[in-house]
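Single-letter residue listing:
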Amino acid sequence: MSERHPSGQRSRGRGLIGEAVIRREDLPLITGRGRFTDDVTLPGMLHAHVVRSPVAHARITGIDVTAASQAPGVAAVFVAADLDRLGVGPLPGADNLPPGSRNPEFPVLATEKVLWAGQPVALVVAETPATAADAAELVDVSYDELPAVTGPLEAAAPDAPVLHDGADNVAFVKHLRSGDPDAAFASAAHVVRQRMVSQRIAPVALEPRGVAAWPGDDGILEVRLPTQRPHGARNSLAAILGLDAERIHVDAGDVGGGFGAKGPMYPDQVAVIAAARALGRPVKWMETRSESFLATTHGRDQVADLELAVAGDGTFTALRGTVHASFGAYFTSNAPSSLLGRLGPMLPQGYAIGSIDVTLAGVFANTTPIGPYRGAGRPEAAYFTERLVDLAAAELGQDPALVRRRNFVRNTDFPHVTCTGLTYESGDYQVGLDLLLDKLGYAGLRAEQARAREELPGETLLGVGLGCFVEPGGITPGVPGPDGSAGDQATVTVDPSGKVTVSVGTSAHGQGHQTAFAQLAAALLDVDYEDVTVVFGDTATAPFGYGTFGSRSAVAGGTAIHRACERILAAAKRVDAPMPLAEAAARLGGLSATAASGAPPETYASGAYGCVASVDPATGRVTVERLVAVDDCGVVINPLLVEGQVHGGVAQGLGQALTEQVAYDSSGQPLAGSLMDYAVPFAASLPPLECHSLSTPATTNPLGVKGMGESGTLGATCAVVNAVLDALRPRGVRHLDMPLTPEKIWTALQPHGS
Amino acid sequence: MPASTGPAERDVAVTVTVNGEPRRERVPARTLLVHFLREQLGLTGTHVGCDTTQCGACTVAMDGVAVKSCTVLAAQADGHEVTTIEGIGDAEGLHPVQRAFWAEHGLQCGYCTPGMIMAVRQLLADNPDPGDDEIRRGLAGNICRCTGYQNIVAAARAAATMLQES
Ligand code: FES
Ligand code: FES
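Residues numbered from 1 in each chain as written. Chains lettered and ligands numbered in written order. Predicted model: local features only at pLDDT ≥ 70, side-chain atom pairs only at ≥ 80, totals over all residues. Heavy atoms only, no water.

Undergrad: Whenever I open this one, the pairing of strand β24 (residues 621-632) of chain A confuses me. Can you help?
TA: The side chains of a regular strand alternate between both faces of the sheet. All names here are of chain A. The sheet contact formed by strand β23 (residues 603-616) and β24 spans 11 bridges and is antiparallel. Of the residues in β24, the one forming a bridge with S606 is D632. In this antiparallel pair of consecutive strands, β23 and β24, the connection spans four residues, and G620 shows a positive phi of 80 degrees. Summarising the sheet, β24 and strand β25 (residues 689-694) pair through six bridges and their orientation is parallel. In the strand pairing of β25, D632 is matched with L694. Chirality of the crossover, the property in question, places the unit of β24, helix α18 (residues 639-658) and β25 among those that are right-handed. (Pairing = 2+ DSSP bridges. Helix = DSSP H or I, 4+ residues; strand = E, 2+ residues; numbered from the N terminus. Right-handed = clockwise from strand over helix to strand, strands pointing away.)

Here's what the structure looks like:
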């Protein structure tokens, strides 16, 4: 139906890799026939409403559910003690913490204390959503309020109110130290210092979270869950409910965006699933958008105090400082990895920096728990470093593009081991930057800017900002699968009629894997694209995998598919003469092979983004005139999908840069409780995006692909902020923290502004 | 006080022509049109993305004009005609706006998509040949968190061309 659809000879074979095939998943979605969790309705279905703490920090002195239990239409009301009786355990906290860390259990329903405004306290189950909500009003909880603390620095202070009794709020401290940072700083010609905040923001997947659960046939617990990790969800549910994982069936169905927030298992979802088991009836719950701002994990929330040592010739020699990261009231499973595995280790970005001495501190505060959010530590690392680089350029009086180029890891120096111990397998940062500068018309822009500054100093301020980054992708958690094999699995089946089914343990929620993986398998097997079906997202039909997050699926899922396809091709050779795969499959009565990805080394995609922004000094208003993206994610399976990922990431990055913030007052009450006061970008917030690419194939996986699902948030955040601050620099503004709202900018431009 | 005695819980009869078919149901007076469509009629293509009339995921047409069905009571639709995403086209015959969203990769997760398509349909009815800026401004009532809007704008433009050629 479009020239983008492969036809004729282009619908098979190697040529399919790199083809802009339009998506096969779209037809149901554009005709209103998707299958999202909220679309599930079953006979006898009950509806749940979560009673949440209205205060940020308090002891619970009493809960009376009598009136609520007796309200019309109410089937049951659950509090913590009821779940205890049902054998429903707490959520386990985080994995992969440094030794000696604190890792409090995360109760499904609050017991003695509530630690954030929004923490689940009780669950009301009733005939309709409205009767459940009405009855929830009747649950009477008495709170003895305690002082609250919300920011990472404040929570780490020695006199801060303590969340988890028995110690302070600092859950862990980890030092990254290598090279000779002391010598580098002692001999530095310049030291650039800055405190920088990556503010708390909300993922806002357009489909809110929810769950539907019911007792199925043969004692199987059926769970419809909008999740990025169906197998992970099943396994954590099994542990929390005390069930065998085999007794639980998790089906993600269509998932309306995740951005990391649909990775963890949440207490409210566990409570609903436990209620469905206890009542022996289907129960559904969907959060409202306002509830989502309290209940769904937020992202970021770090304060960095960092210094960059620069030698006399402009070479970066060392980084040092401290990053305080708040994780909110409790750890969710993989939240600390954002700081420990991403933010800290990625601070060197694409620069050949020899030494580091950085302390990473994770703290608890009376706020919604933090989870991974698009980039999960990557955008923050890129942002902190790219701000320091721009400040260094300004202090040295040199062009920021030049300063970057001088310090990049050279394309001849790959693989490059960073001072934090990561191995970047390939890349060409100079060429990426040059392409960006060319597409931007950088020299011309700088000339225009100089002219404007000279001739019209009071008028609109023009800024040009760069954001260069390295994006790790393809992580495979260190936990082996149920059969002991490492990584995600893929099963490829060729039936005797030649139809191919690829089932895989990664789990897309908007990324287009049905299309991309069908292209991949059709290319590898040399069969027709239309003959390939791709299956994922359902623990009954997909093999084990870690799901989709952290830009991992093309690398891990792709590698597993590649290996399974190789096995199929080897098995097809059992026929006596060379013949097309379909014929061999017919002769052999069908073929099937399963393979695991193993743990392919992570890939390191890179990019160079540029932004042209203007600021109206009279109002502080920013207009983003241009956004230019250059991405290098190695071999591209489907450029349409890759560009789509870039577009979405850029919008989210721009949102963090300019408008988005989850703020709290001093008592821990959230100030942004709905889409009326939390400002996600609209269509008119963005200029047309200009996307370009280059390709240095990954050397560490058989496909040459690099994870790239988060690049837009890395590049856009840096480029937009750097552009705005470049515009403000002649007016004496050195740094402002995001979001760069008109009010903040206007205030900074006033004679006595800060 | 149990809330179930108030007027909002009293049932009212609602007759609405939905996608050309007359439908008659009794629902609690407080039922929103979006819930009427989704729960009473099983038309789950219309989505709920917020509770403050910001996101537009619930956009449908009432008497040919786009409305946010989370902001209309089912009772207010009594006697009116409603068209949902299911009513404008299906696999056998897609509406040009649906075709354009597909061809231009105007969706990722697809959650905003039914509302976006209904909103673009309205936008093109008001302005058959909009420029990019007009499209962007015209979509101020619809949020997409996945696409950065780039390909939604492209889809709107492509649909405008298709509609003008047809
Ligand atoms: S659900 Fe109607 S505008 Fe969001
Ligand atoms: S496609 Fe996901 S919100 Fe628009």
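Now that the structure is up, let's keep going.
Undergrad: Please explain the domain arrangement of chain B as it appears in this structure.
TA: Interface size is commonly expressed as the accessible surface area that is lost when the partners come together. Residues and elements named next belong to chain B. Taken domain by domain, chain B holds domain 1 (7-87) and domain 2 (96-165). Inter-centroid distance (C-alpha atoms) of domain 1 to domain 2 is 22 Å. With 18 residues of domain 1 in contact, the opposing surface of domain 2 contributes 13 residues. Contact with domain 2 buries surface across domain 1, with H47, T59 and I85 losing the most and accounting together for 40% of the total. Here domain 1 is connected to domain 2 by zero salt bridges. Our count for the contact surface shared by domain 1 and domain 2 stands at seven residue pairs in polar contact (both at pLDDT 80 or more). For the side of domain 1 that touches domain 2, the per-class residue count stands at eight nonpolar, nine polar and one charged. (Domains from an automatic or database assignment. Contact = heavy atoms within 4.5 Å. Buried area = accessible area lost by both parts, 1.4 Å probe. Salt bridge = Lys/Arg side-chain N within 4 Å of Asp/Glu carboxyl O. Polar contact = N/O pair within 3.5 Å; in protein donor to acceptor, adjacent residues only side chain to side chain. Nonpolar A, V, L, I, M, F, W, Y, C, P; charged D, E, K, R; others polar.)

Undergrad: I would appreciate a short explanation of the domain arrangement of chain A in the present structure.
TA: Residue and element names in this part refer to chain A. Along its sequence, chain A is carved into domain 1 (9-17 + 476-596) and domain 2 (425-474 + 604-749). Where domain 1 touches domain 2, the interface holds zero salt bridges. At the junction of domain 1 and domain 2, the tally comes to two residue pairs in polar contact (both at pLDDT 80 or more). For the side of domain 1 that touches domain 2, the elements supplying multiple residues, two or more each, are α15 (513-525) and α16 (553-572). The greatest single-element share of the side of domain 1 that touches domain 2, amounting to five residues, is contributed by α16. For the side of domain 1 that touches domain 2, the per-class residue count stands at six nonpolar, 10 polar and one charged.

Undergrad: For this particular structure, what's the right way to read the sheet that holds strand β13 (residues 302-310) of chain A?
TA: Backbone-to-backbone hydrogen bonds pair the strands of a sheet. The strands run either parallel or antiparallel. Residues and elements named next belong to chain A. Pairing in this open sheet of five strands is mixed, and the strands run β7-β15-β14-β13-β8 from one edge to the other. The sheet is open, and its two borders are formed by β7 (170-178) and β8 (190-198), each paired with just one other strand. Strand-to-strand twist of the sheet, defined as the mean angle between neighbouring strand axes without regard to direction, takes the value 10 degrees. Both strand β14 (residues 316-326) and strand β15 (residues 355-363) contribute to a ladder of nine bridges, which runs parallel. Across the sheet, H324 pairs through a bridge with A361, a residue of β15. (Axes fitted to C-alpha atoms, helices over the stretch in contact; angles between N-to-C directions.)

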